[in-house]
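Chain by chain, the residues run as shown.
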Amino acid sequence: MRKSAKSNAAVKPAKAPHYDLRLYVAGQTPRSLQALSNLKRICEEHLAGQYRIEIIDLVKKPQLAAGDQILAIPTLVRTIPKPARKIIGDLSNVERVLVGLDLRPSE
Amino acid sequence: MALTPKEAPTLPKTPTGIEGFDQITFGGLPKGRPTLVCGGAGCGKTLFGMEFLVRGATQFGEPGVCVSFEETADDLAKNVASLGFDLKRLQRAKKLVIDHVYVDKSEIAETGEYDLEGLFIRLGGAIDSVKAKRVLLDTPEALFAGLSNEGILRSEMRRLFGWLKEKGVSAVITGERGEGTLTRYGLEEYVSDCVILLDHRVRNDAVTRRLRVLKYRGSTHGTNEYPFLIDQKGISVLPITSVGLTHPAPQVRVSSGIPQLDAMMGGEGYYRGSSILVTGTAGSGKSSLGAHFVDAACRRGERAIFFAFEESPNQILRNMRSIGIDLGKWVRKGLLHVEAVRPSAFGMEMHLVRMHAMLHEHEPDVVVMDPISGLIPSGSAFDVLSLVLRIVDFIKARGATGFFTALMAQDDVHATGLSISSLVDTWLMVRNVEANGERNRLLYLLKSRGMAHSNQIREFLITDRGVKLQDVYLGPGGVLAGSARVAREAEERREELIRRRDERKRELVLRASLASVEAKLAALEAERNSYKSELQTFVNEEGARRKAMASDREELQVSRGMRVNGPVKDRA
């Protein structure tokens, strides 16, 4: 069994699909912090060991907004696996987040 | 202390550079505030916004940002390239930023509260990067289509427009016309300073575009619908050039090119800067009057444009040459420009703009449109009338003289389909008269404002030396022209001859009588003289005889001794 190259960068090597998640925020607003904590909780519960979260603060790096076509804040972008998925909001609706991340089939 | 209307400050304006638009808004769009430009699909709103940005960057030193929600930057650049706008170059020169904001409902899941700060950050970054003063948002309605939380969207919209005002940029927001509402998602709620409505419909197979300033807070503006068009220089709005009838009234007269016609107008011709209409049926010779006028103008060194709607330039030159008018030489000298256009090729607005452009470029003193009735297929009679009105206006404002021909049904002296006859200063009519198996033409000078003019009808002859006018004859059946006139002239000459001959005869007779009486008189005179002398002789002789007898008697008596010195004795 060949080990995938990604396993070195991941938190824990696994045969399950890997999730690269980017959370766009604009400063340390309550909503952004809320989104981050919601995200962490969801990831631990459903993607343990398979995810990586990158936080991009557009106040610090505004030029990065155009690349992923960011309009709303907060926005979560799943870059891996493809295709990219965009989820906006504070992630308080867990069901929707899971559907959006393709972790649950949509009704 | 209340402000009187005069003191109330008017909102400052920023010029768009769009042809005609700054005129009807008396300065352009409200500076530092948002303007809503709405209309149906394809009406030109994106173009309007782009032209606002591009001209801002190239003509007014105001860089701009375009946030396009529907088209990519590449597509936009391609679309406006045909208008001569080089977006890529402007971007490289840091005069323009184009940001494509992509909103796809299927790609986005909404999972709680959010705001549109990402948009603000992008827009703010773009504005700051080039120090933009102008912004185009085309069209924020895409947000409503892509995101479902209307409450959030509405409050963010409100925040956006407040934010734009704070940034001090002049913004154009586009919106698509809704069913019975100005925009589909009610953008007019947030943009209340200025609303422009664009309309485009297809009429008579031609596209007609109209622009209307629906609202402009704090400013006067033209409230009409103005036709506009989009050509290779961008948008051109066509305002009526003069709001009031304030044309100057020149006193100078110019020759019509036909001396007898000038004679009918007090010997001088048309007023410079006036408008002349010639109506008549087909083939009545209206164009030849226009050609004479142009010829006369060019002879004076003036410039002319001949707009032809039914014939090609070559046809016109050939036709006029055959009647002795050489327009070709004026074309070669550059004084005359003949522009032939098929009326159905364009809508009214396009015709208008093309003519405007040519008048600007060529700067004529004389403008001929032959025939204006030819334009009717490409617009209704009302459209043509309003087009001609605008052209007449424009021509008069430049001090040029306008000469128009129009096809009109026979005997249509009073009712004209165009009603333009009341708008022109001089109205000539050429009419065909049929009699004795032939058709002749008569020219009527129906009106000519501001001058004493003949009310006589003239026969209108087209010879190979041009147009000649001839007095008509009034016969028992009415006006005589053509061969009937010639016949009448001959008859009158003959009558004259006969009358002369009769007079001559009478004179001779009288003279003869006089002569004979005088002869008689002479004869009697002679007789009188002879009797007189005879009488005289008789009297003389008688006297002499008596004398002789008396002396004889005396002698006898002396000799008889009856008498010497004694008494005569009696013999007895």
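Residues numbered from 1 in each chain as written. Chains lettered and ligands numbered in written order. Predicted model: local features only at pLDDT ≥ 70, side-chain atom pairs only at ≥ 80, totals over all residues.

K.L.:
Could you give an account of the overall build of chain A, naming the residues involved and the relevant values?
P.N.:
The helix and strand inventory of chain A stands at 3 helices and 4 strands. Going from N to C terminus, chain A has its helices and strands arranged as α-β-α-β-β-β-α. The burial tally for chain A puts 35% of its 107 residues in the buried class. Contacts in chain A between residues at least 24 apart in sequence constitute 63% of all its contacts with a sequence separation of at least 6. (Helix = DSSP H or I, 4+ residues; strand = E, 2+ residues; numbered from the N terminus. Buried ≥ 20, exposed ≤ 12 C-beta atoms within 10 Å, placed from the backbone. Contact = placed C-beta atoms within 7 Å.)

K.L.:
Break down the overall build of chain B for me, citing the residues and quoting the values.
P.N.:
A count of helical and extended segments in chain B gives 14 helices and 25 strands. The 572 residues of chain B split such that 40% are buried. When contacts within chain B are restricted to residue pairs at least 6 apart in sequence, long-range pairs at least 24 apart make up 70% of them.

K.L.:
Before we move on, could you go through the interface of chain A and chain B and cite the residues and values that matter?
P.N.:
Contacts between chain A and chain B engage 27 residues on the former and 20 residues on the latter. Among the secondary structure elements, those contributing two or more residues to the side of chain A that touches chain B are β4 (85–88) and α3 (94–100) of chain A. No other element matches α3(A), which puts 4 residues into the side of chain A that touches chain B. By residue class, the composition of the side of chain A that touches chain B is 16 nonpolar, 7 polar and 4 charged. Pairing of β4(A) with strand β6 (residues 108–110) of chain B involves 3 bridges; the strand directions are parallel. Each residue of the ladder has a partner; that of Ile88(A), found in β6(B), is Glu110(B). (Nonpolar A, V, L, I, M, F, W, Y, C, P; charged D, E, K, R; others polar. Pairing = 2+ DSSP bridges.)

K.L.:
Hey, could you go over the sheet that holds strand β1 (residues 19–25) of chain A for me, with residue numbers and the actual values?
P.N.:
Ordered in space as β2(A)-β1(A)-β3(A)-β4(A)-β6(B), the 5 strands form an open sheet in which the pairing is mixed. With one partner strand each, in any of the chains shown, β2 (51–57) of chain A together with β6 of chain B form the two edges of the open sheet. For this sheet, the mean inter-axis angle between neighbouring strands, taken without regard to orientation, is 20°. In terms of strand pairing, β1(A) meets strand β3 (residues 75–80) of chain A through 5 bridges, oriented antiparallel. The residue bridging Tyr24(A) from the neighbouring strand is Thr75(A), located in β3(A). (Axes fitted to C-alpha atoms, helices over the stretch in contact; angles between N-to-C directions.)

K.L.:
Describe the nonpolar core, naming the residues involved and giving the relevant values.
P.N.:
Residue and element names in this part refer to chain B. Grouped together as the largest cluster of nonpolar side chains are 165 residues, with contacts concentrated most on Val294 and Ala304. Both domain 1 (13–237) and domain 2 (253–471) contribute no fewer than three residues apiece to this core. For Ala304, the residues in contact, after removing those within four places along its chain, are Val294, Ala297, Cys298, Leu335, Leu336, Pro364, Asp365, Val366 and Val368. (Core = buried A, V, L, I, M, F, W, Y, C linked by C-beta atoms within 7 Å. Domains from an automatic or database assignment.)

K.L.:
Outline unusual backbone geometry, supporting the account with residue identities and numerical values.
P.N.:
Backbone torsion omega between Ile80(A) and Pro81(A) reads -5°, so that peptide bond is classified as cis. Along the chain, Asp138(B) connects to Thr139(B) via a cis peptide bond; the corresponding omega equals -10°. A positive phi angle is found at Lys94(B), which is not glycine, with a value near 60°. Tracing the sequence through the fold places Lys94(B) in the loop between α4 (87–92) and β5 (96–100). For Lys94(B), a count of 12 C-beta atoms within 10 Å gives the class exposed. Here Lys131(B), not a glycine, exhibits a phi torsion of approximately 55°, which is positive. With respect to the secondary-structure elements, Lys131(B) resides in the loop between α5 (117–130) and β7 (134–138). You can call Lys131(B) exposed: it has 9 C-beta atoms within 10 Å.

K.L.:
Tell me what's going on with the sheet that holds strand β16 (residues 304–308) of chain B, and back it up with residues and numbers.
P.N.:
Residues and elements named next belong to chain B. Here 9 strands make up an open sheet; going across it, the order is β17-β16-β18-β19-β15-β20-β21-β22-β23 and the pairing mixed. A single partner strand is all that each edge strand has here, and the edge strands are β17 (336–340) and β23 (466–471). Across the sheet, the mean angle separating the axes of adjacent strands is 20° when strand polarity is ignored. Contacts between helix α9 (residues 286–299) and the sheet are confined to β15 (275–280), β16, β17, β18 (366–370), β19 (401–407), β20 (426–435), β22 (458–463) and β23, with β18 contributing the most and set at about 165° to the helix. Across the sheet, helix α12 (residues 348–362) touches β16, β17 and β18, and the angle it forms with β16 is around 160°.

K.L.:
Please provide a residue-by-residue account of the pairing of β16(B), values included.
P.N.:
Residues and elements named next belong to chain B. Within β16, 5 of the 5 residues are buried, leaving the element largely enclosed by the surrounding structure. Side-chain alternation along β16 places Ala304, Phe306 and Ala308 on one buried face and Ile305 and Phe307 on a second face that is also buried. Both β16 and β17 contribute to a ladder of 5 bridges, which runs parallel. When the bridges of β17 are listed, Phe306 appears paired with Val338. With 5 bridges connecting them, β16 and β18 associate as parallel partners. Residue pairing in the sheet places Ala308 in a bridge with Asp370 of β18.

K.L.:
Describe the environment of Ser448(B), naming the residues involved and giving the relevant values.
P.N.:
Residue and element names in this part refer to chain B. Within the secondary structure layout, Ser448 lies in strand β21 (residues 438–448). What makes Ser448 buried here is the crowd of 21 C-beta atoms within 10 Å. Sequence spacing of Ser448 and Tyr271 is 177 residues, and the spatial spacing of their C-alpha atoms is 9.3 Å. Here Ser448 is in contact with Met265, Asp425, Thr426 and His453, once residues within four sequence places are set aside.

K.L.:
Can you lay out the confidence of the model for chain A for me, pointing to particular residues and giving the numbers?
P.N.:
Per-residue confidence for chain A averages 82 on the pLDDT scale, and 82% of its residues sit at or above 70. Under a pLDDT of 50 for its full length, residues 1–10 of chain A has, in the predicted model, 5 contacts with residues more than four places off or in other chains. (pLDDT = per-residue confidence, 0-100.)

K.L.:
Outline α9(B), supporting the account with residue identities and numerical values.
P.N.:
Taking 1.5 Å per residue as the helical rise, α9(B) with its 14 residues ought to reach 20 Å, and the 20 Å between its terminal C-alpha atoms agrees with that figure. Most of α9(B) sits out of view: 13 of its 14 residues are buried. (Expected span 1.5 Å × (residues − 1).)

K.L.:
I'd love a proper account of the environment of Met369(B), names of residues and values included.
P.N.:
All names here are of chain B. Assignment of secondary structure puts Met369 in strand β18. We classify Met369 as buried; it has 27 C-beta atoms within 10 Å. Considering only alpha carbons, one finds Met369 and Phe404, 35 residues apart in sequence, at a separation of 4.9 Å. Beyond its immediate stretch of four places on either side in the chain, Met369 contacts Phe307 and Phe404.

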